[in-house]
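# Summary of the model geometry
Residue strings, one per chain:
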Amino acid sequence: MSSITVKDVFNSMEYGPAPEARNLADEWLMAHGSSFGHYIGGAFTDPNAGEVFDSINPATGQVLATIAQGSAADIDRAVKAARAAQDDWAATPGHVRARYLYALARQIQKHSRLFAVLDTLDNGKTIRETRDLDVPLAARHFYHHAGWAQLLDEEFRGYRPVGVCGQIIPWNFPLLMLAWKVAPALAAGCTVVLKPAEFTPLTALLFAEITRHVGLPDGVFNLVTGDGDTGAALVAHEQVDKIAFTGSTEVGRIIRRETAGSGKKLSLELGGKSPFIVFEDADIDAAIEGVVDGIWLNQGEVCCAGSRLLVQEGLAEKFYARLKRRMQTLRVGDPLDKGVDIGALVAPVQLERIERLVEQGKREGATCWQPDLTLPEQGLYFPPTLFTDVEPSATISQVEIFGPVLVATTFRTPAEAVELANHTRYGLAASIWSSNLDLALDVASKVKAGVVWVNSTNMFDAAAGFGGYRESGYGREGGREGMYEYLQPDWTFAPRKETAAAAQPAPAASRADDLADDVAAVVDRLDLDADSDDDQLDDGFASFAADAGFGFEDELQPAAAEPEEVALPVTEPASVASSAEAEPPAIDATPKLYIGGKQVRPDSGYSYAVTSEQGAFLGEVGLGNRKDIRNAVEAARKASSWSSATAHNRAQVLYYLAENLSQRADELARFIDTMDDGGASLGEREVEASIRRIYTYAAWADKYDGQVHATPLRNVTLAMNEPWGVLGVVAPTDHALLGLLSLILPALAMGNRVVAIPSSPRAAIMAPLYQLLDTSDVPAGTVNLVSGNRDELARVLAQHDDVDSLWYCGSRSGAKLVEEESTGNLKPVWVIRSSGRDWFDPAAGEGREFLRRATQVKNIWVPYGE
Ligand code: NDP
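Computed from a predicted model, the values in this text were never measured in an experiment. (Residues numbered from 1 in each chain as written. Predicted model: local features only at pLDDT ≥ 70, side-chain atom pairs only at ≥ 80, totals over all residues. Heavy atoms only, no water.)

## Concerning the sheet that holds strand β14 (residues 367-369)
Neighbouring strands of a sheet are bound in pairs by backbone hydrogen bonds; such pairs are parallel or else antiparallel. Stated formally: Two strands are said to pair when DSSP picks up at least two bridges between them. To qualify as a helix, a DSSP run of H or I must reach at least 4 residues; to qualify as a strand, a run of E must reach at least 2; elements of each kind are numbered from the N terminus. Every angle, taken between N-to-C directions, lies between 0 and 180 degrees, and every axis is a line fitted to C-alpha atoms, over only the stretch in contact when it is a helix. Here, two residues are considered to be in contact whenever any of their heavy atoms come within 4.5 Å of each other.
Spatially, the 10 strands line up as an open sheet ordered β14-β15-β16-β13-β12-β17-β18-β32-β26-β25, and their pairing is mixed. Either end of the sheet is taken by a strand with one partner, and the two such strands are β14 and β25 (707-709). Adjacent strand axes in the sheet meet at a mean angle of 20°, parallel and antiparallel pairs treated alike. Lying on the sheet, helix α12 (residues 316-328) is in contact with β12 (275-278), β13 (308-312), β14, β15 (385-388) and β16 (405-411); it crosses β13 at an angle near 135°. Helix α15 (residues 414-421) rests against β12, β13 and β16 of the sheet, and its axis sits at about 170° to β13.

## So, the packing of helix α4 (residues 94-110) against helix α7 (residues 174-188)
Operational definition: Here the word oblique covers every angle except those under 35 degrees (roughly parallel), over 145 (roughly antiparallel) and from 65 to 115 (roughly perpendicular). Throughout, a crossing is termed right-handed when the near helix is turned clockwise from the far one, and left-handed when it is turned anticlockwise from it by less than a right angle. Gly is placed with the polar residues, together with every amino acid not listed as nonpolar (Ala, Val, Leu, Ile, Met, Phe, Trp, Tyr, Cys and Pro) or charged (Asp, Glu, Lys and Arg).
Here α4 crosses α7 at 165°, and the two axes come no closer than 9 Å. As summarised for this structure, α4 and α7 are arranged roughly antiparallel, according to the angle between their axes. For the element pair α4 and α7, the recorded crossing hand is right-handed. From α4, Arg97, Leu101, Leu104 and Ile108 reach across to α7, where they touch Leu175, Ala183, Leu186, Ala187 and Ala188. When grouped by side-chain class, the residues that make up the contact of α4 with α7 number eight nonpolar, no polar and one charged.

## A short note on the pairing of strand β10 (residues 242-246)
Where we set the bar: Summary of the burial criterion: residues with accessible area below 20% of their type's maximum are buried, those above 50% are exposed, and those between are partly exposed, where the area comes from a 1.4 Å probe applied to protein chains only.
Counting buried positions along β10 yields five of five residues, so the element is predominantly enclosed. Here β10 shows no split at all, with Lys242, Ala244 and Thr246 on one side and Ile243 and Phe245 on the other all buried. As defined by bridge partners, strand β7 (residues 164-168) adjoins β10 across four bridges and the pair is classed as parallel. Bridge pairing in β10 links cysteine 165 to lysine 242. Relative to strand β11 (residues 265-269), β10 runs parallel, the two being bridged by five bridges. From the neighbouring strand, isoleucine 243 faces β11, where its bridge partner is leucine 266.

## Describing the sheet that holds strand β1 (residues 35-36)
Sheet architecture is open: three strands sit in the order β1-β5-β4, paired in mixed fashion. Each edge of the open sheet carries a strand with a single partner, namely β1 and β4 (52-56). Strand direction decides the pairing type here: β1 and strand β5 (residues 63-68), joined by two bridges, are parallel. Bridge pairing links serine 35 to threonine 66 in β5.

This is the structure in structure tokens:
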């Protein structure tokens, strides 16, 4: 008989053990002989057909199951199964797809205990979290997306499913990440090949079983287990149309590089170092609980963990003292125990990483504090840890530790808080605590993060988008914004196999596109390494220009013998002379670059000749180089007033632009006709269409507003469409004016500043365009125009850290180049198919897709209530 009395319990208030039973999970594992194959085309493969690995319980070291290691051949079979199922699944009525998703949600709920225990065993995360957060949210995602399947035709008119999706997920939320990926894909009509993390495949295998149970058609959902090599094979597979990845920024970069130029759609949900900002007027008790949730949820193995605590100076000492008291009460131990707050870390490698970074933090001079806790003797545990006196540039302030380690520093003013919050390459989430809502929302608008929680933290829901800014990746999961990741506008859709043919330039554009490729070849021949320093590059430009026979500006030299591989059309001024005798050429100016509201000479001093479609010499334009792009980006950075101007004011400026364009319509039309040899009517049509397009985006400026998401908690979730900041634009070759404006205008309407590269052979359009901009009150630096070798300039834009996003129209090789070059800073690149597109057609040349691409959604959660 126990000698403990009720009084003893009240006196000590100690927790007793409260373990969740694991028998359900053990029975399920035993029913499968504790060994699992892949799930391909509606059936499980032989678990012992190839290599295998163990799935281990990190809390005990016990082997839970033997798992098949997916090979490239397994991936190939799974992708082919998904491809075979794709057309039928896409053609399945939305209502029917909705029923499948609803059935999956119901099954997750019915098996919620099994899912929860399996995730806890496999990952080491606490049963409290798997039971109360992971599993209910996973079910909620399937319910929510059943709704999108039902409404798809109505709400996403003009869009089609992307196709076969390769989805790669991490180990920190195994079932939840599966739900975030699979639910929207199936709702949109895509088929899936999923690669779960090597450490945590079990709930994905159980999910595969329930897809079979609900009768999901064979091949719609496929699962291949394995390690990073399996993931890499999925990324590389030619018949995959989209890759959706969640994981480390390092692997995100690898995937960006691997998919460059492939035409695969890509969404990346990567790491974070999210700020947790506490102002002096915050509710301290609530903020302390917020910190506990923010950093110690899931042992800190959370991409959006509030791992950087920023406390206003006057509150800091008090806050740290209270926090330490609270940390002392945290319970670390058996994750199956319902009274435990912090469970086991996923694997030895993760524990080692945390230990290494903590030691580094100490070495770098920060003060480390840990509560006096006894950790279990067996298993992978690390105590909750607080670092204070941390320099913002210290390793532990910058690197994602992905463990229960909080790094704290202080700030004085709101401006300083914002500066410190943004002092990171990441931009996933932020948490802001203040009883002054004006202040909190002001800071929320200034923090660079995809998700901001006001007086709250770690709020998630299927109806709200989740995803990052900057090196935290791109794309959103959840909400309307998340659905677009699995859809493609009708006009950009081309079945994979036809892509190569479809991407061949249309006859009118072919010459310039081929020429641009040839320029790249010349540049390659000249060995213009991307990493070469400026001088080398500028020398390269000089010799490139010399090769091409370009003269110095204002010094029209007869072109030397034109090397065959040279791209930009150069004709001898002699031909001008002869045609000039008959009829004076319409264009004889030498347009300069347009940077910071000024016409400037290119840094190189070179220019290049532009000719009409038929080869008649039209004049010369500046040959911009890396330094010109840098200057243009700097000018665009400085022009931030455009982004903070009201939408109404931006619209007024655009209307004024239309007004001025209409006054010069005849002149512009003749100019375009001369360039395009398109007959009298083309220029007129193009100018008229341009005026309409300006009107369209002036109209949109104050109408493409955000949403208030209907999340189930007591709060408003504001989905704000924010401009990227500085947007690089590489214009299409055809329709010099309309093509360029079709890209610049939506960017401007949404508040971006633009650095644009006009079509190389049509760059003469810059002169009338910057005159228009000058006379239309477009603030200096808002639009910058740099002419020259398209792909070489595009490369510089892609590499530039201060260009926030890049739109590229051009050749396939150019698309590959810019996507590869964006790997370093993980800049989102939109490759816009121009060939075959009718820029005059509003359905293809303007509208929501452009506006959506001109913005990124920030979800701001604001709770309300007493
Ligand atoms: P990874 O980014 O390596 O893993 C994520 C997923 O990608 C896993 O399924 C992994 O497979 C797979 N993968 C690995 N390499 C490739 C590749 N070359 N091509 C395609 N897929 C690949 O994260 P880790 O699990 O290795 O964790 C390392 C660190 O990453 C952590 O310490 C943490 O800092 C961070 N991390 C961040 C996450 C986030 O959500 N922000 C999530 C997980 C980790 P496999 O599991 O077999 O390696």
